[in-house]
Structures are given as structure tokens and as C-alpha cells.
Amino acid sequence: LPLIVDVGTGSGAIALSLAQETGLAIMGTDMSAQALEVAARNRAAARLDDLVELRQVDLLMGVADGSLHLV
């Protein structure tokens, strides 16, 4: 389960950078399917599929309370 979430991830730049620099699991959330498509392409190019989870949700919907260390 990711400890860090990038809300409104867009292209995934922040989530991917955090995952690459820290080796920690990151979740990127966005309401835009188009933005998540870009983020997924960037995630694949960076070979970070195992560390970065992408979800199409509004803000933190579906994320358990108390499960994150950084938003």
C-alpha cells in the first residue's frame, strides 16, 4: 500500500520523481482519464510500474483514513 499520494497527479511528474528518488510506493490520483493516460505512459517509460499506482478518483476517494504519511 502506498504511503505517499500525489493528488491531481496530471502527467505523474511528482509521483514518478518521488518513487525514483526514494524507492517508496506512491499513488497518483486524478479525475482526468487523459491525464492518467499520460501518467501511465510516463510511468512505463521510467520503468516504475511496480512502485507507482494510478487511480482515477476525486481527491482521496477510496483511500483509507490514516493510511498515508504524505499527501
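These numbers were taken from a predicted model, which means no experiment stands behind them.

**Quick look at the pattern of salt bridges**
- Under the counting rule described, the total for this entry stands at two salt bridges.
- One salt bridge in this structure joins Arg43 and Asp49, with 3.0 Å as the shortest N-O distance.
- Its relative accessible area of 18% is what places Arg43 among the buried residues.
- Here Arg55 ties to Glu53 by a salt bridge, and the two come within 2.6 Å at their closest N and O atoms.
- Given a relative accessible area of 27%, Glu53 falls into the partly exposed group.

**Describing helix 2 (residues 33-45)**
- Under the 1.5 Å per step criterion, the end-to-end length of helix 2 is 18 Å for 13 residues, consistent within 8% with the ideal 18 Å.
- Among all positions of helix 2, only Ala35, Leu36, Ala39 and Arg43 are buried. All buried residues of helix 2 fall inside an arc of 95° around its axis, so they share one side. Exposed positions of helix 2 whose direction lies more than 90 degrees from the buried face are Gln34, Arg41 and Ala45.
- Those residues of helix 2 that are buried lie in contact with helix 1 (13-22), strand 2 (26-30) and strand 3 (52-56).
- Trailing helix 2 by a residue or two, Arg47 shows a phi angle of about 55°, which is positive.

**Here's the deal with the environment of Thr29**
- Checked against the element boundaries, Thr29 lands in strand 2.
- Taking the relative accessible area as the measure of exposure, Thr29 reaches 1% and is therefore buried.
- Between the C-alpha atom of Thr29 and that of Val57, which follows or precedes it by 28 residues, the distance is 6.0 Å.
- Non-local contacts of Thr29, meaning those with residues more than four positions away in its chain, are made with Val5, Asp6, Val7, Gly8, Thr9, Arg55, Val57 and Leu59.

**What about the confidence of the model for the protein?**
- Put simply, the protein has an average pLDDT of 88, and 82% of its residues get 70 or more.
- Taken element by element, the protein is modelled with least confidence in strand 1 (residues 4-7), mean pLDDT 88, and with most confidence in helix 2, mean pLDDT 98.

**Things to note about the sheet that holds strand 2**
- Strands sit in the order 1-2-3 across an open sheet of three strands; the sheet is parallel. Either end of the sheet is taken by a strand with one partner, and the two such strands are strand 1 and strand 3. In this sheet, neighbouring strand axes are inclined to one another by 20° on average, regardless of whether the strands run parallel or antiparallel.
- Two elements, strand 2 and strand 3, share five bridges in a ladder whose sense is parallel. Pairing of Thr29 across the sheet is with Arg55, part of strand 3.
- With respect to the sheet, helix 2 is in contact with strand 2 and strand 3, its orientation differing from that of strand 3 by roughly 170°.

Conventions and cut-offs
- Residues numbered from 1 in each chain as written.
- Predicted model: local features only at pLDDT ≥ 70, side-chain atom pairs only at ≥ 80, totals over all residues.
- Heavy atoms only, no water.
- Salt bridge = Lys/Arg side-chain N within 4 Å of Asp/Glu carboxyl O.
- Buried < 20%, exposed > 50% of the residue type's maximum accessible area, 1.4 Å probe, protein only.
- Helix = DSSP H or I, 4+ residues; strand = E, 2+ residues; numbered from the N terminus.
- Expected span 1.5 Å × (residues − 1).
- Arc of directions from axis to C-beta.
- Contact = heavy atoms within 4.5 Å.
- pLDDT = per-residue confidence, 0-100.
- Pairing = 2+ DSSP bridges.
- Axes fitted to C-alpha atoms, helices over the stretch in contact; angles between N-to-C directions.

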